[in-house]
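Residue-level listing of the chains:
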Amino acid sequence: MKGFKFLLKFSYRNLLRAPKRTLILILSLSIGTGFIIWDLNFANSGSKEVMKEFLNQYAGEYHITHKDYYREDNKKEFNNFKIISDSEIPDKSLLTFTTRRVTAPVFVSGEKKTLGVLLTGLETEKEIKLSTLSKAVTVGRFLNPNSDKEIVLGKKLAHRIEVKLGDEVAVIGQALDGSVANELMTVVGLIDFGGGDLEESLAFTQIKSAQELLVMGPDQYHQRVDFNMKDETLPQIKGLAVTIWTDLLPEIGVSVRFVDNFTWLVSIVIVLVISLGLSNSLMITFLEREQEFQTLNIIGAKTIWVTVSLLIEVFLLGTIAILLGLLLGQISTNYFYHYPFNIQFFTGGKPIIMGGMIIQPLVRIYPVLEYYWKVPVMIYIFLTMTMIYPLIRVIRRSKNAI
Amino acid sequence: MQFELIHVDKIYQVSEENKVFGAKDVNLKIGTGDFMALVGPSGSGKTTILNLIAGLILPTNGSLKHGGSDITALSLEERTKHRLDFMGFIFQDYQLLPILTAYENIEFPLQLKGFSKKEIDERVHWALSQVGLEKMGNRFPKQLSGGQQQRVSIARAIAGRPELVLADEPTANLDSKTAQEIIELFKKLNQEFKLTFIFSTHDQRLIDQVNTVMYVKDGQISETRNHHA
């Protein structure tokens with residue numbers, strides 16, 4: 001565009017005409033931008049850290065199962081026999097961060113009482129490496145990888161069926177062949193998630209013991225549970241189902257999405273409020289220069305020239321403010337990356353209970369690249385909208401005569 | 001090319017019954033090299049006639065012509081371009097842009113016209129030399145006296161070598177000595193470069209110097225006198 005350099009100079013000089021006002025506008029917009037960046041990073045990192053803590057405890061990132069394993073009508077069956085084996089998973093790299101589990105509804109019976117629970121057979125050694133389940137054992141110990149027929153009970157379950165460490169319990173279920181399965185197992189540990197009801201309905205044993213109990217082959221299992229948080233692309237495995245945690249735990253997935261969306265909503269409101277203030281300031285600034293706009297029109301500047309010069313002025317201001325804001329957001333994000341804080345700072349010292357489990361993550365805020373372009377785009381859109389009314393007024397009033 | 005106002009009326013509708021004539025049956029021809037003044041008391045309609053010539057307002061009746069072309073047929077943006085291409089403006093209160101230096105103020109309409117950098121530089125230096133401010137090009141308006149600001153305003157108006165310079169009360173804000181210098185400058189520009197000027201004024205010193213004086217009363221040109229012809 002011919003004369004663009006002059007136009008740019010003209011707009012830049014106008015910014016410097018009231019330096020204090022310009023500085024205040026830039027500061028308010030940059031602080032707002034910086035806060036939004038930090039806030040979004042915080043919400044994203046916070047929910048990811050909380051989810052990571054939660055999923056690492058037991059649930060895992062995604063489950064590889066028989067395609068009918070999680071089907072709604074299967075849940076009605078007393079036992080779900082939909083088993084798989086490693087020979088059905090062609091991509092062996094998927095086995096690295098996964099652990100096998102066998103699950104079955106069983107009765108656990110002490111000397112006096114019996115309760116129905118979900119028994120999970122675990123690959124103990126891998127489970128210790130991948131999940132933090134073993135750390136939830138508060139009484140006794142976790143399952144010994146080199147032993148069998150051991151059982152870890154939920155603390156409340158043990159209390160209700162009146163068993164203690166070292167006691168033997170009878171585990172009764174339905175085997176894969178339909179026969180009654182039963183086994184005596186020794187209680188070696190009590191698990192406490194801190195959350196409540198979950199401990200009343202869970203019991204864990206070595207995978208080998210669970211397979212023997214249910215008359216399954218040593219290579220057969222129900223789930224391969226993945227703990228690799230970095231893997232956000234669901235693999236496709238022919239004939240099998242790969243289910244992500246948001247589908248396994250929809251209510252928690254929804255709440256994470258809610259936090260994310262709500263943070264965006266708050267960000268939009270912040271930008272809107274700043275924009276309204278900015279619009280008012282621009283209106284005052286433009287009206288103060290009304291006579292100049294009239295002069296420009298008289299000496300031959302077309303409406304488009306005046307409009308573009310004002311747009312450049314506001315976008316120069318916006319760009320400086322956004323760059324400064326991104327820097328502020330990055331510095332504050334970086335600070336909390338190096339100095340993570342306990343989430344309880346925001347919960348009044350109380351723990352977060354999710355899915356019946358206590359989680360207490362240290363939140364390390366890390367930058368999410370997409371916010372560094374999405375937020376500026378959002379601000380530019382609002383800036384443009386902010387300009388519309390002041391511009392219309394200026395253009396209307398600049399058409400006056402000498 | 002000649003600027004013409006033919007039977008021009010400009011009526012302002014104050015209320016349904018009350019109409020005010022800003023200009024009434026104005027007939028006016030401005031030829032190349034003319035040096036003329038519209039004279040009359042405040043509110044007589046001088047500025048309205050200037051606005052009509054410039055195409056800043058449109059007549060209620062009659063026509064405005066430049067070189068035979070009808071200006072009233074042009075759109076708002078076309079009339080703005082027409083002013084840029086053919087006219088220069090001088091204001092009572094100078095109307096310089098405070099954020100631009102004297103040089104840049106003169107450069108402004110030349111930039112709008114799309115002149116090359118070299119041509120702009122030549123024209124700005126020529127204009128500055130004509131108004132005697134060769135060494136003050138880098139000063140901002142607030143660093144200049146009233147007289148110097150008016151000289152910059154004149155330089156801005158003439159740098160594009162317009163066919164017509166319209167000046168609204170150009171000496172009204174100046175002290176006597178400076179006003180006299182500015183009048184001399186107008187005269188020099190008219191005589192040396194055949195620049196056409198039309199003033200709205202009631203400054204007798206300026207009235208004494210122009211070739212044509214048109215007395216305006218109640219929106220009408222009541223009398224036209226030619227002298228110094």
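Because the structure is a prediction, the values reported are computed rather than measured.

### Describing the overall build of chain A
Argument step 1. Assigned secondary structure in chain A consists of 10 helices and 16 strands.
Argument step 2. In terms of overall dimensions, chain A is more spread out than a globule: its C-alpha atoms have a radius of gyration of 31 Å, far above the 21 Å expected for 402 residues.
Argument step 3. The principal-axis extents of the C-alpha atoms in chain A amount to approximately 105 × 45 × 30 Å.
Argument step 4. Of the contacts formed within chain A by residues at least 6 apart in sequence, a portion of 80% connects residues at least 24 apart.

### Brief notes about the sheet that holds strand S10 (residues 220-226) of chain B
Through backbone hydrogen bonds, the strands of a sheet pair up, either in parallel or in antiparallel fashion.
Residues and elements named next belong to chain B.
Argument step 1. Taken in spatial order, the six strands of this open sheet run S6-S7-S8-S3-S9-S10, and their pairing is mixed. Each having just a single partner strand, strand S6 (87-90) and S10 make up the two edges of the open sheet. Strand-to-strand, the axes of this sheet are offset by a mean angle of 20°, without reference to chain direction.
Argument step 2. The sheet contact formed by strand S3 (residues 35-39) and strand S8 (residues 197-201) spans five bridges and is parallel. Looking across to S8, one finds that Met-36 is bridged to Ile-198.

### Regarding the nonpolar core
Argument step 1. Membership of the largest hydrophobic core comes to 106 residues, with the highest contact counts inside it found for Ala155(B) and Leu166(B).
Argument step 2. Discounting residues that sit within four places of it in the chain, Ala155(B) has contacts with Ile106(B), Ala127(B), Leu128(B), Gln130(B), Val131(B) and Leu133(B).
Argument step 3. Core analysis: the next-biggest nonpolar cluster, separate from the first, contains 47 residues, Phe54(A), Tyr58(A), Met216(A) and Tyr221(A) among them.

### Examining the domain arrangement of chain A
Argument step 1. Per the domain assignment, the segments of chain A are domain 1 (4-56 + 253-397) and domain 2 (62-228).
Argument step 2. Just the C-alpha atoms count here: the centres of domain 1 of chain A and domain 2 of chain A sit 50 Å apart.

### As for the interface of chain B and chain A
Often, the extent of an interface is quoted as the loss of accessible area upon association of its parts.
Argument step 1. On the side of chain A, 18 residues touch chain B, which itself brings 20 residues to the contact.
Argument step 2. Listed by contribution, the elements that provide at least two residues to the side of chain B that touches chain A are helix H1 (46-54), helix H2 (76-86) and helix H3 (102-113) of chain B.
Argument step 3. Its residues assigned to classes, the side of chain B that touches chain A comprises 10 nonpolar, six polar and four charged.

### Considering the confidence of the model for chain B
It should be kept in mind that the predicted coordinates are not to be read in detail where pLDDT is low.
Argument step 1. For chain B, per-residue confidence averages 93 on the pLDDT scale, and residues scoring 70 or more make up 99% of the total.
Argument step 2. With a pTM of 0.74, the predicted complex shows an ipTM of 0.93.

### Let's talk about H3(B)
Argument step 1. With 11 of 12 residues buried, H3(B) is to be regarded as a mostly interior element.
Argument step 2. Looking at the residues trailing H3(B), positive phi occurs at Gly114(B), about 85°.

### Quick word on the packing of helix H2 (residues 19-59) of chain A against helix H9 (residues 303-338) of chain A
Residues and elements named next belong to chain A.
Argument step 1. In contact at an axis separation of 7 Å, H2 and H9 are set at 40° when each is read in the N-to-C sense. Considering the angle they form, H2 stands oblique to H9. As for how H2 packs across H9, the hand of that crossing is right-handed. Facing H2, whose interface residues are Thr-22, Leu-25, Ile-26, Leu-29, Ser-30, Ile-31, Gly-32, Thr-33, Gly-34, Ile-37, Trp-38 and Asn-41, H9 presents Leu-317, Gly-318, Ile-320, Ala-321, Ile-322, Leu-324, Gly-325, Leu-326, Leu-328, Gly-329, Ser-332 and Thr-333.
Argument step 2. Broken down by class, the residue content of the contact of H2 with H9 amounts to 13 nonpolar, 11 polar and no charged.

### Observations regarding H2(B)
Argument step 1. Of the positions making up H2(B), those classed as buried are Arg79(B), Thr80(B), Arg83(B) and Leu84(B). Looking straight down H2(B), one finds that the buried residues subtend no more than 145° of arc, so they occupy a single side.
Argument step 2. If you follow the buried residues of H2(B), they end up packed against helix H8 (290-299) of chain A together with H1, S6 and H3 of chain B.

### Looking at the pairing of S6(B)
Residue and element names in this part refer to chain B.
Argument step 1. Residues Met-87 and Phe-89 line one face of S6 and the alternating positions Gly-88 and Ile-90 line the opposite face, and both faces are buried.
Argument step 2. Pairing analysis gives four bridges linking S6 to strand S7 (residues 164-168), with the strands arranged parallel. Considered in S7, the bridge of Ile-90 is made with Ala-167.

### Considerations on the environment of Phe3(B)
Residue and element names in this part refer to chain B.
Argument step 1. You can see Phe-3 is positioned in strand S1 (residues 3-13).
Argument step 2. As a C-alpha pair, Phe-3 and Asp-25 span 22 residues in sequence and 16 Å in three-dimensional space.
Argument step 3. Setting aside chain neighbours within four positions, we find Phe-3 in contact with Ile-30, Ile-53, His-66 and Leu-164.

### Remarks on unusual backbone geometry
Argument step 1. Notably, Val215(A) is not glycine yet its phi reads approximately 55°, a positive angle.
Argument step 2. Inspection of the secondary structure puts Val215(A) in the loop between helix H5 (207-213) and strand S10 (220-221).
Argument step 3. A residue is classified by how many C-beta atoms lie within 10 Å of it, and Val215(A), with 14 of them, is partly exposed.
Argument step 4. Even without a glycine there, the phi angle at Asp25(B) is positive, about 45°.

### Re the sheet that holds strand S5 (residues 69-70) of chain B
Residues and elements named next belong to chain B.
Argument step 1. In space, the four strands of this open sheet follow the order S2-S1-S4-S5, with antiparallel pairing throughout. Lying at the two open borders of the sheet, with one neighbouring strand each, are strand S2 (19-30) and S5.
Argument step 2. Summarising the sheet, S1 and strand S4 (residues 61-66) pair through five bridges and their orientation is antiparallel. Its bridge partner being in S4, Ile-6 is matched across the sheet by Ser-63.
Argument step 3. Sitting on the sheet, H1 touches S1, S2 and S4, and the angle it makes with S1 is about 120°.

### Focus: the environment of Arg123(B)
All names here are of chain B.
Argument step 1. As for its position among the elements, Arg-123 is in helix H4 (residues 117-130).
Argument step 2. Look at Arg-123 and you get buried, because 21 C-beta atoms sit within 10 Å.
Argument step 3. With 78 residues separating them along the chain, Arg-123 and Thr-201 place their C-alpha atoms 28 Å apart.
Argument step 4. Once residues lying within four places of it in the same chain are set aside, the contact partners of Arg-123 are Leu-110, Phe-115 and Ala-159.

### A short note on the packing of helix H7 (residues 250-288) of chain A against helix H10 (residues 371-397) of chain A
To describe two helices that pack against each other, one gives the angle between their axes and the distance between the axes.
Residues and elements named next belong to chain A.
Argument step 1. Two elements in contact, H7 and H10, have axes whose closest approach is 9 Å; the angle formed by their N-to-C orientations is 30°. Comparing the axis directions of H7 and H10 gives the class roughly parallel. Seen along the crossing, H7 lies across H10 with a hand that is right-handed. Facing Ile-268, Val-271, Leu-272, Ser-275, Leu-278, Ser-279, Leu-282, Met-283 and Phe-286 of H7, the residues of H10 in contact are Met-378, Ile-379, Phe-382, Met-385, Thr-386, Met-387, Tyr-389, Pro-390, Arg-393 and Val-394.
Argument step 2. A breakdown of the residues in the contact of H7 with H10 according to their chemical character gives 15 nonpolar, three polar and one charged.

The rules behind each value
The residue count restarts for each chain, going from 1 along the sequence in the order it is written. The lettering of chains begins at A and the numbering of ligands begins at 1, in the order of writing. Local features in this predicted model are restricted to residues of pLDDT 70 or higher, and side-chain atom pairs are both shown and tallied only at a pLDDT of 80 or more, whereas totals for entire chains, interfaces and linings draw on every residue. Helix and strand definitions here come from DSSP, where helices need a minimum of 4 consecutive H or I residues and strands a minimum of 2 consecutive E residues; each element is numbered from the N-terminal end. We take the radius of gyration over the C-alpha atoms and set the globule estimate at 2.2 Å times the residue count to the 0.38 power. Here, residue contact means that the backbone-derived C-beta atoms of the two residues sit within 7 Å. At least two DSSP bridges between two strands are required for those strands to pair. Interaxial angles span 0 to 180 degrees and are taken between N-to-C directions of axes, which are lines fitted to C-alpha atoms, for helices over the stretch in contact. Put simply, a nonpolar core is buried Ala, Val, Leu, Ile, Met, Phe, Trp, Tyr and Cys residues tied into one set by C-beta atoms within 7 Å. Around each residue's C-beta, the other C-beta atoms within 10 Å are counted; 20 or more make the residue buried, 12 or fewer make it exposed, and counts in between make it partly exposed. All C-beta atoms are placed from the backbone. As annotated, the domain borders come from an automatic or database domain assignment. When residues are grouped by polarity, Ala, Val, Leu, Ile, Met, Phe, Trp, Tyr, Cys and Pro land in nonpolar, Asp, Glu, Lys and Arg in charged, and all others, Gly among them, in polar. One number per residue, pLDDT, summarises how confident the predictor is, and it ranges from 0 to 100. When an angle is under 35 degrees it counts as roughly parallel; over 145 it counts as roughly antiparallel; between 65 and 115 it counts as roughly perpendicular; any other value is oblique. For a crossing to be left-handed, the near helix must be turned anticlockwise from the far one by less than a right angle; the clockwise case is right-handed. This arc describes the spread of directions from the helix axis toward the C-beta atoms.

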